[in-house]
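Structural characterization, general
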Amino acid sequence: HLLHFESGVPAWYEHDSLVDLLGRAGEVAFRAKVVDDLIDLFRRWRWKGGQDATIAAGLVLATWVQAVWSWRPRIDVLGASNTGKSMLCAALAGIFRDLVILTSDTTAAGLRQKICNSARVVIVDEVDAKNRTKVARQREILEMLRSASRGTSAIRGTGSGKAMEFTLRHLVWVAGISLSYDDQADRNRAVILNLLPPTKEMAGKLRLPSPDELRDLGQRSLAASLWACQEARKTALALKDERIDDVDQRLVESYAVPAAMIATLLGMDAEAAAGLLQTM
């Protein structure tokens, strides 16, 4: 069930079209095309990690159904100026369209109020510590987002004297030049994707697909995610117990989410899914 309780805002999916796409999602060729198209999109950027485009594709698919996961990593997209972070955020906004909250200047309280009790997609661009005020804001936002990993409730007091309970179950995308991690446990909560400056041959050539193309890719990926989400959740729970040399188990659990989504969509068995996780 896809629910929307607000009036006067654009619909984030079109019912009849999505019904058709869900029917096609039963075909592995359709799902494989969705995965390939997402990976091809993210390959327009230059990544530090050889699997980063695939990981990003898996995370987009997982974000559509972010509330179902038992563990949700934060997604940190890091890179110096002119590496394409803002264009990447624009591409994500084009995929998620009217479900997205895209901001580059916010506070934890403002973001919390904007999310309210929705499962909207949250993208925070330019979350950089440039001065003391920005450092304080960054820490407040990142502290708030920690509760999203397990979906635990946060309770805040209000001026009326009535406590407000707030629950985050979100795969939040955060982009910036650098982020401060309080400790290793904090770092292991995130899937970190590093962007590199374009080569001389690539400089100035990064172009996004048209809005219609991004919307089409978004709706196809939504259908694929809905088709896969329940089985992918089970696969992620199995993958989180995989042992990988010199990798913290919390980080394994974080990468299990995109690995499980892609493995389910492509019809991989348990051994192949574990191999995909190892590669990531």
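Notes on the structure follow. All values derive from a computational prediction rather than experimental measurement.

For the pair helix 3 (residues 52–64) and helix 9 (residues 249–265), the least separation of the axes is 8 Å and the interaxial angle reads 85°. When the interaxial angle is binned, helix 3 and helix 9 end up roughly perpendicular. Contacts from T54, I55, G58, L59, L61 and A62 in helix 3 reach Y255, V257, P258, M261, I262 and L265 in helix 9. Classifying every residue of the contact of helix 3 with helix 9 by side-chain character gives ten nonpolar, two polar and no charged.

Moving on: the nonpolar core. In this structure, L38, F42, W45 and W69 are the most contacted members of the largest nonpolar core, which totals 71 residues. If you look at the next biggest cluster of nonpolar residues, it comprises 20 residues, including V122, L142, M144 and V172.

Turning our eyes to something else, we now look at the packing of aromatic side chains. For any two aromatic rings, the description comes down to two numbers: the centre-to-centre distance and the angle of the planes. The full count for this structure, using the stated rule, is four aromatic pairs. Taking the centre distance of 6.4 Å and the plane angle of 40° together, the rings of F42 and W45 count as tilted. Exposure remark for F42: the relative accessible area of 1% places this residue in the buried category. In this structure W45 comes out as buried when scored by relative accessible area, which is 4%. On the basis of an interplanar angle of 65° and a centroid distance of 4.8 Å, the ring pair of W64 and F96 is categorised as edge-to-face. Residue W64 is located in helix 3, and its partner F96 is located in helix 4 (residues 85–96); the two are separated by 32 residues in the primary sequence. There is no split in this pair, since W64 and F96 are both buried. Three or more aromatic residues joined by ring pairs form one cluster here, namely W12, Y13, W64 and F96. The ring centre of W227 lies 3.7 Å from the NZ or CZ of R31, which sits over that ring.

Criteria and thresholds
Residues numbered from 1 in each chain as written. Predicted model: local features only at pLDDT ≥ 70, side-chain atom pairs only at ≥ 80, totals over all residues. Heavy atoms only, no water. Axes fitted to C-alpha atoms, helices over the stretch in contact; angles between N-to-C directions. Helix = DSSP H or I, 4+ residues; strand = E, 2+ residues; numbered from the N terminus. Parallel < 35°, antiparallel > 145°, perpendicular 65-115°, else oblique. Contact = heavy atoms within 4.5 Å. Nonpolar A, V, L, I, M, F, W, Y, C, P; charged D, E, K, R; others polar. Core = buried A, V, L, I, M, F, W, Y, C linked by side-chain atoms within 4.5 Å. Buried < 20%, exposed > 50% of the residue type's maximum accessible area, 1.4 Å probe, protein only. Phe/Tyr/Trp six-rings, centres within 6.5 Å; stacked < 30°, edge-to-face > 60°. Lys NZ or Arg CZ within 6 Å of the ring centre and 35° of its normal.

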